[in-house]
Amino acid sequence: MREKIDINTWIRKDHFEFFNTFEEPFFGVTVDVDCTATYQVAKEKGISFFLLYLHKSLLAANRTEAFKYRIIDGEVWKFDSVNAATTINRPNGTFGFGYMDFFSQFEDFKIAAGKEIEKVQQTTGLIPSSSGENVIHYSALPWLNFSSMSHARKFSFNDSCPKISFGKCRDEQGSKIMPVSIHVNHALMDGFHVSQFVDEYQALLKQKAES
């Protein structure tokens with residue numbers, strides 16, 4: 001489900017109309033997050049660290065209103081929930097695109113996501129998902145400890161979906177630290193809203209629970 005935002009009464013009307021004219025309206029930041037507790041939970045319970053931190057990021061995004069806004073045919077809509085369109089790495093060094101629905105409980109998410117990973121890993125090619133507008137574009141680069149990132153963009157395509165990328169988890173003074181790159185459409189949100197997401201995500205990562 002989704003609801004249309006009345007631009008004329010929206011507090012960000014001027015910001016939307018200004019940045020929506022840009023050829024490249026996206027801006028990005030890279031932050032470090034402490035994922036020690038989440039890493040320990042994954043290892044202790046024998047579950048995928050990737051799926052656990054991915055689920056917590058989706059949970060944080062669904063708790064951050066700005067991350068549920070999308071631009072469709074020049075209008076702003078807010079979705080009830082957002083899902084994941086993510087790269088899935090294969091053992092042969094290639095990757096494919098997968099689609100994962102959001103579930104508030106990790107166990108439900110894990111089951112559905114596990115099936116999607118298995119499907120993609122048993123095929124070749126990209127397999128673009130017909131995922132719609134209410135997704136976040138995810139990717140993981142577990143081999144790289146990056147401090148910034150840019151994305152390939154097709155400027156003829158009017159994209160407004162946030163893009164979140166995870167890097168290599170490293171040891172730092174007894175903690176597990178992971179870089180996270182976040183790119184968002186400036187017509188829909190500002191740095192303040194990104195900070196809301198980051199704060200929520202960090203709080204979830206520090207919880208010694210699955211969700």
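The name given to the protein in an unreviewed UniProt entry is Chloramphenicol acetyltransferase, with Pedobacter agri as the source organism.

Another aspect to go through is the overall build of the protein. A tally of regular secondary structure across the protein gives 5 helices and 10 strands. A compact globule built from 211 residues would reach a C-alpha radius of gyration of about 17 Å, and the protein, at 17 Å, matches this within 12%. Overall, the protein is about 50 × 40 × 30 Å in size when its C-alpha atoms are taken along their principal axes. Looking at the protein residue by residue over its 211 residues, the buried ones come to 47%. A fraction of 72% describes how many contacts in the protein between residues 6 or more apart in sequence connect residues 24 or more apart. Here the protein displays about 10800 Å² of accessible surface, and carbon together with sulfur accounts for 51% of that area.

This paragraph deals with helix α4 (residues 106-121). An α-helical turn contains 3.6 residues, so any two residues separated by three or four positions project in the same direction. Taking 1.5 Å per residue, 16 residues should reach 22 Å; α4 reaches 21 Å between its end C-alpha atoms and fits that length. For α4, every residue scored as buried is listed here: Phe106, Phe109, Ala113, Glu116, Ile117 and Val120. With its buried residues spanning 100 degrees around the axis, α4 presents them on a single face. In the core, the buried residues of α4 are packed alongside α3 (49-62), β5 (83-89) and β6 (95-100).

Below, the discussion takes up the packing of α3 against helix α5 (residues 191-205). Running from amino to carboxyl end, α3 crosses α5 at an angle of 140 degrees, the nearest separation of the two axes being 9 Å. Judged by the angle between their axes, α3 and α5 are oblique. In this structure, the crossing between α3 and α5 has a hand that is right-handed. On α5, the residues that touch Tyr53, Lys56, Ser57, Leu59, Ala60 and Ala61 of α3 are Phe197, Glu200, Tyr201, Leu204 and Leu205.

Another aspect to go through is the sheet that holds strand β3 (residues 69-72). Taken in spatial order, the 3 strands of this open sheet run β1-β4-β3, and their pairing is antiparallel. Where the open sheet ends on each side, the last strands, each with one partner, are β1 (2-4) and β3. Looking at each pair of strands side by side, their axes are set apart by 35 degrees on average, direction ignored. As paired strands, β1 and strand β4 (residues 75-79) are joined by 3 bridges and run antiparallel to one another. Looking across to β4, one finds that Glu3 is bridged to Lys78.

To continue, consider the nonpolar core. Counting 52 residues, the largest nonpolar core has Phe67, Met100, Ile164, Phe166, Ile182, Phe197 and Tyr201 as its most contacted members. Counting residues per element, this core draws most heavily on α3, at 9 residues. With residues up to four places along the chain from it excluded, the contact list for Ile182 reads Phe27, Gly28, Val29, Val31, Phe67, Lys163, Ile164, Val194, Phe197 and Val198.

Here we come to the pattern of salt bridges. In the structure shown here, the tally under the stated rule is 13 salt bridges. Lys110 is the partner of Glu107 in a salt bridge, and the nearest nitrogen-oxygen pair spans 3.3 Å. Of this pair, Glu107 and Lys110 both sit in helix α4, 3 residues apart, which is roughly one turn of the helix. With a relative accessible area of 38%, Glu107 lands in the partly exposed category. With relative accessibility at 26%, the residue Lys110 sits in the partly exposed group. Its salt-bridge partner being Lys176, residue Asp171 comes within 2.7 Å of it at the nearest N-O pair. Under the relative-accessibility criterion, Asp171 is labelled exposed at 60%. One salt-bridge network, held together by shared partners, links Glu3, Glu65 and Lys78.

Looking now at the UniProt feature "active site" (unreviewed entry) in the protein. Feature annotation in UniProt places "active site" (unreviewed entry) on His186, given in this structure's numbering. As for its placement among the helices and strands, His186 is situated in the loop between β10 (175-185) and α5. The exposure class assigned to His186 is buried, which follows from its relative accessible area of 19%. Among residues more than four places away in sequence, those in contact with His186 are Arg12, Phe19, Pro25 and Phe27.

The rules behind the values
Residues numbered from 1 in each chain as written. Predicted model: local features only at pLDDT ≥ 70, side-chain atom pairs only at ≥ 80, totals over all residues. Heavy atoms only, no water. Helix = DSSP H or I, 4+ residues; strand = E, 2+ residues; numbered from the N terminus. Rg over C-alpha atoms; globule rule 2.2 N^0.38 Å. Buried < 20%, exposed > 50% of the residue type's maximum accessible area, 1.4 Å probe, protein only. Contact = heavy atoms within 4.5 Å. Areas by Shrake-Rupley, 256 points an atom, 1.4 Å probe, with all protein chains shown as cover. Expected span 1.5 Å × (residues − 1). Arc of directions from axis to C-beta. Axes fitted to C-alpha atoms, helices over the stretch in contact; angles between N-to-C directions. Parallel < 35°, antiparallel > 145°, perpendicular 65-115°, else oblique. Left-handed = near helix turned anticlockwise from the far one by under 90°. Pairing = 2+ DSSP bridges. Core = buried A, V, L, I, M, F, W, Y, C linked by side-chain atoms within 4.5 Å. Salt bridge = Lys/Arg side-chain N within 4 Å of Asp/Glu carboxyl O. UniProt positions renumbered as here; feature names shortened; annotations may be inferred.

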